Amino acid sequence: MENTNKKIELLSPAGEYESLLSALRFGADAVYVAGKRFGMRTSSKNFDEETMQKAVNDVHTAGKKLYVTCNTVPTTEEISQMPEYLEFLDSIGVDALIIADLGVLSLAKRYAPHTEIHISTQAGIVNHESAKMFHDLGAARVVLARELSFDDIAQLRAKIPKELEIEAFVHGAMCVSFSGRCLISHYMTGRDANRGDCAQPCRWKYHLYEENREGQFFSVEEDDHGTFLYNSRDMCMIDYIPQLIDVGINSLKIEGRAKSSYYSAVTTNAYRHAIDDYLRDAENYKLQPWIKEELDKISHREYSTGFYLGTEPGQVLSNGGYIRNYSVVAIGNGTKDGIADITQKNKFCVGDELDVLPPSGVPFKINVKELINQRGESVESAPHAMEQLKMPTDVDIPEGALLRKALDN
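Keep in mind that this is a model prediction, so the values were computed, not measured.

## Points about the packing of helix H4 (residues 82-92) against helix H5 (residues 102-111)
One way to put it is that H4 packs onto H5 with a least axis distance of 9 Å and a crossing angle of 50 degrees. Judged by the inter-axis angle, H4 sits oblique to H5. Considering how the two elements wind past one another, H4 and H5 form a crossing that is right-handed. Here Met82, Pro83, Leu86, Glu87 and Asp90 of H4 come into contact with H5, specifically with Val104, Leu107, Ala108 and Tyr111. Here the contact of H4 with H5 is built from residues that sort into seven nonpolar, no polar and two charged.

Structure (structure tokens):
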């Protein structure tokens, strides 16, 4: 049975233009980005005025939406620059502003009157009264705090206006602090997380020093592997698509504006297929195994279900880094007469088995039988970054396809 009563938005991250194009290519309904100011990810390239205008045009041409984060907590000096920026975003037609600060919200109503207001997860909304208050102040959508369970969300949804939309994170990095409002980075490094400049000291490994034993340190152990006290697991809710939709969430949001275009492509593609499968036939829905497997092909920390099931996500005890099982080795540029044109990204060789993710979204495997360089010579490997190569193939490798190789971990 097709579920035609729900319109669920898949919202994907883009920290630079290639990620935006990947998100659109692989099925995002909307993309969220930041300008060079007032966004919570200063480590990303982000979008200047020219690229922001281009982004609006490209996203709207694709029939999708573009949201811009203005979710830092600005000082009095910083907020004086906000009206001009808001006027610019309003003039180019961005679809929504994601805002955490009440002062910025007030300015947005004055200087960006044609643009929807979405309240950031930084605002820490955990109850219906807060959600209704922001709605009364002009918000069309609230992004809930990540600390809520399914039961919490259901109760909140039942007590807010139907026209007020709910957005919630379903995949990506988790923060050790409540709703991302953290002082550790500023205290330890001078880099303020509330202005998008977090140094992620929560991912560092800590030891305990005893003042009378100079030069000695003691690990702060939780088990035999030691501990990373603040090192939260990543969220992955791909197994819970029916619950996410049925609880009343309107927009499923993927975290990751500081991540690669490959990450945006794979996560968007996986959630796109899962959402569509469920909405197409809810009664017989079952997550296809390959969809879940895709999320192990991106760089990630150990996964958890966040707070959705009413339990804390827990910390990664064994290491502070990422799990990497695959590497992108090439990008497809199209296939003609059995010859694929590809752009090399990382080294691979004749004889390798590659995993291909086409824009249609269903992965398949190929064996590299031959590689031909730009001089027409057969070569055994592709060691040069961005080298243009031809590869005979029995299957079509379309433009934009991602060619991946499993790593020997």
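## A look at unusual backbone geometry
Its identity as a non-glycine residue notwithstanding, Asp337 has a phi of 55 degrees, on the positive side. On the secondary structure map, Asp337 appears in the loop between strand S13 (326-336) and strand S14 (339-344). Here the phi dihedral of Met386 falls at roughly 65 degrees; this positive angle occurs in a residue that is not glycine. Within the secondary structure, Met386 sits in the loop between strand S18 (378-379) and strand S19 (388-392).

## Remarks on helix H1 (residues 17-25)
Turning to H1, its buried residues number three or more, namely Tyr17, Ser19, Leu20, Ser22, Ala23 and Leu24. Buried residues in H1 make contact with strand S1 (9-13), strand S2 (30-34), helix H2 (49-61), strand S3 (65-70) and helix H10 (261-280). Phi turns positive, to about 115 degrees, at Gly27, one or two residues after H1.

## Observations concerning the packing of H1 against H10
Direction vectors running N to C along H1 and H10 enclose 15 degrees, while the axes themselves pass 8 Å from each other. Put simply, H1 runs roughly parallel to H10. Crossing of H1 against H10: the hand is right-handed. Of H10, the residues touching H1 (which contributes Glu18, Ser19, Ser22 and Ala23) are Ser261, Ser264, Ala265 and Thr268. Of the residues in the contact of H1 with H10, the class split is two nonpolar, five polar and one charged.

## Here we look at the pattern of salt bridges
When the charged atoms of two side chains lie near each other, side chains of opposite charge can form a pair. Under the defined criterion, the tally for this structure stands at 22 salt bridges. For Glu167, the salt bridge goes to Lys253, with nearest N and O atoms at 3.0 Å. One end of the pair, Glu167, is in strand S7 (residues 165-172); the other, Lys253, is in strand S11 (residues 251-254), and 86 residues separate them in sequence. Assigned by exposure class, Glu167 and Lys253 land together as buried. Linking Arg375 and Glu377 is a salt bridge whose minimum nitrogen-to-oxygen distance equals 3.3 Å. Assessed through its relative accessible area of 66%, Arg375 is described here as exposed. Classification of Glu377 as partly exposed rests on a relative accessible area of 39%. Members of the salt-bridge network, linked through shared partners, are Glu9, Arg141, Glu165, Glu167 and Lys253.

Conventions adopted
Residues numbered from 1 in each chain as written. Predicted model: local features only at pLDDT ≥ 70, side-chain atom pairs only at ≥ 80, totals over all residues. Heavy atoms only, no water. Axes fitted to C-alpha atoms, helices over the stretch in contact; angles between N-to-C directions. Helix = DSSP H or I, 4+ residues; strand = E, 2+ residues; numbered from the N terminus. Parallel < 35°, antiparallel > 145°, perpendicular 65-115°, else oblique. Left-handed = near helix turned anticlockwise from the far one by under 90°. Contact = heavy atoms within 4.5 Å. Nonpolar A, V, L, I, M, F, W, Y, C, P; charged D, E, K, R; others polar. Buried < 20%, exposed > 50% of the residue type's maximum accessible area, 1.4 Å probe, protein only. Salt bridge = Lys/Arg side-chain N within 4 Å of Asp/Glu carboxyl O.

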